[in-house]
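# Examining the three-dimensional arrangement
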Amino acid sequence: MQSKRADIRIIASETLSDNWYILKKYTFDQRHRDGEWQRQDREVYDRGNGATILLYNRDKKTVILTRQFRFPVFINGHEDDLIEAAAGLLDNMEPESRIKAEAEEETGFRVTHVQKIFEAYMSPGSVTEKLYFYVAEYHPQDRLHAGGGIKSEGENITVLEMTLEEALQGIEAGKIVDGKTIMLLYHVALKGIM
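Now for a quick tour of the structure. Predicted model only: the values in this text are computed from it and were never measured.

### As for the pattern of salt bridges
Under the criterion given, the structure shown has 15 salt bridges. Put simply, D7 and R5 hold a salt bridge, and the shortest N to O gap is 2.7 Å. Of the charged contacts in the structure, one is a salt bridge between D178 and K180, with a shortest N-O distance of 2.9 Å. Judged by its relative accessible area of 11%, D178 falls in the buried class. Within the structure, one salt-bridge network assembled from shared partners comprises R70, E84, D178 and K180.

What follows is the structure in structure tokens.
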């Protein structure tokens, strides 16, 4: 892999793990502002890009969130299941199509019109993943099934409907600690979407 940047030279890459996704160790040289080159090593986890969506109901002033066990946060001391917005990896799909499918799989709601609000790298110091953020309005008649995710993929998801105010209070109380979800909730509140 060659860089188009004149101040970065990739020297080597080594695959450390290709078990679930790919973990590589890269050696690269970076030229600093003073002109001096410095060699660095970084481990980079590549799990692909993803998309996330916050479903909201303008009339009821509610949002749809999910609750599920997340092993990485559990081993970092978070004992509770994580409350999050629906999300998933793109799996070689275009972001808008993927997030519509993911919303239906996880929440049971079929959404036809989604609005992309921004893109963001969630952990750029070690993970390649870029997330595409969406919002969409939902209505009770849009619910096709109970949701819950795909069991064969290890998903055991509970669907939650709460008011936007309750969700914002959940952030303040430390009950909602997922970055993408906090960003979506604050976006909806800041923009006055509901």
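Picking up after the structure, the text goes on.
### Brief notes about a nonpolar patch on the surface
A contiguous nonpolar patch, built from F69, F71, F74 and I75 and spanning about 420 Å² of accessible area, is present on the exposed surface. Structurally, I75 can be placed in helix 1 (residues 71-75). A residue is classified by how much of its surface remains accessible, and I75, at 58% relative accessible area, is exposed.

### With respect to the packing of helix 3 (residues 164-172) against helix 4 (residues 179-191)
Each pair of packed helices can be described by the angle between their axes along with the distance between the axes. Between helix 3 and helix 4, the least distance of the axes is 10 Å, while the angle of their chain directions is 130 degrees. One element, helix 3, and the other, helix 4, form an angle in the oblique class. Note that helix 3 runs across helix 4; the crossing there is left-handed. Of helix 4, the residues touching helix 3 (which contributes L164, A167, L168, I171 and E172) are I182, L185, Y186, V188 and A189.

### Looking at the packing of aromatic side chains
Under the counting rule described, the total for this entry stands at 7 aromatic pairs. Their ring planes at 45 degrees and their centres at 4.8 Å tell us that W20 and Y21 sit as a pair that is tilted. Overall, the relative accessible area of 22% leaves Y21 in the partly exposed class. Ring centres of Y21 and Y45 lie 6.3 Å apart, and the angle between their planes is 80 degrees; on these two criteria the pair is classed as edge-to-face. Here Y45 lies in strand 3 (residues 37-46) and Y21 lies in the loop between strand 1 (8-17) and strand 2 (22-31), a separation of 24 residues in the sequence.

### Focus: the pairing of strand 3
Direction of pairing for strand 2 relative to strand 3: antiparallel, over a ladder of 10 bridges. Across the sheet, residue I22 finds its bridge partner in strand 3, namely D46. Between the antiparallel neighbours strand 2 and strand 3 lie 5 residues, among them G35 with a positive phi of about 90 degrees.

### Focus: helix 4
Every α-helix winds through 3.6 residues per turn, so residues three or four apart in the chain are directed the same way. The end-to-end C-alpha distance of helix 4, which contains 13 residues, comes to 18 Å, matching closely the 18 Å that a straight helix rising 1.5 Å per residue would cover. Along helix 4, the residues classified as buried are K180, T181, L184, L185, H187 and V188. In a view along the axis of helix 4, the buried residues occupy a sector of 155 degrees, so they form one face of it. G192 sits one or two positions beyond helix 4 and adopts a positive phi of about 65 degrees.

### Some words on the layout of surface pockets
In this structure, the largest pocket spans a volume of roughly 1300 Å³. If you go around the largest pocket, you meet 34 residues; those closest to its centre are W20, R47, R70, L89 and E129. Secondary structure elements with two or more residues in the lining of the largest pocket: helix 1, strand 6 (82-84), strand 7 (86-89), helix 2 (95-107) and helix 4. Top element by residues in the lining of the largest pocket is helix 2. It accounts for 4 residues.

What counts, and where the lines are drawn
- Residues numbered from 1 in each chain as written.
- Predicted model: local features only at pLDDT ≥ 70, side-chain atom pairs only at ≥ 80, totals over all residues.
- Heavy atoms only, no water.
- Salt bridge = Lys/Arg side-chain N within 4 Å of Asp/Glu carboxyl O.
- Buried < 20%, exposed > 50% of the residue type's maximum accessible area, 1.4 Å probe, protein only.
- Patch = residues over 30% accessible without salt bridge, like charges linked within 9 Å, V, L, I, M, F, W, Y side chains within 5 Å.
- Areas by Shrake-Rupley, 256 points an atom, 1.4 Å probe, with all protein chains shown as cover.
- Helix = DSSP H or I, 4+ residues; strand = E, 2+ residues; numbered from the N terminus.
- Axes fitted to C-alpha atoms, helices over the stretch in contact; angles between N-to-C directions.
- Parallel < 35°, antiparallel > 145°, perpendicular 65-115°, else oblique.
- Left-handed = near helix turned anticlockwise from the far one by under 90°.
- Contact = heavy atoms within 4.5 Å.
- Phe/Tyr/Trp six-rings, centres within 6.5 Å; stacked < 30°, edge-to-face > 60°.
- Pairing = 2+ DSSP bridges.
- Expected span 1.5 Å × (residues − 1).
- Arc of directions from axis to C-beta.
- 1 Å grid on protein atoms, 1.4 Å probe; cavity = no way out; pocket = protein on both sides within 12 Å on 5 of 7 lines; lining within 4 Å.
- Points joined across faces, edges and corners; volume = space filled by probe spheres on them.

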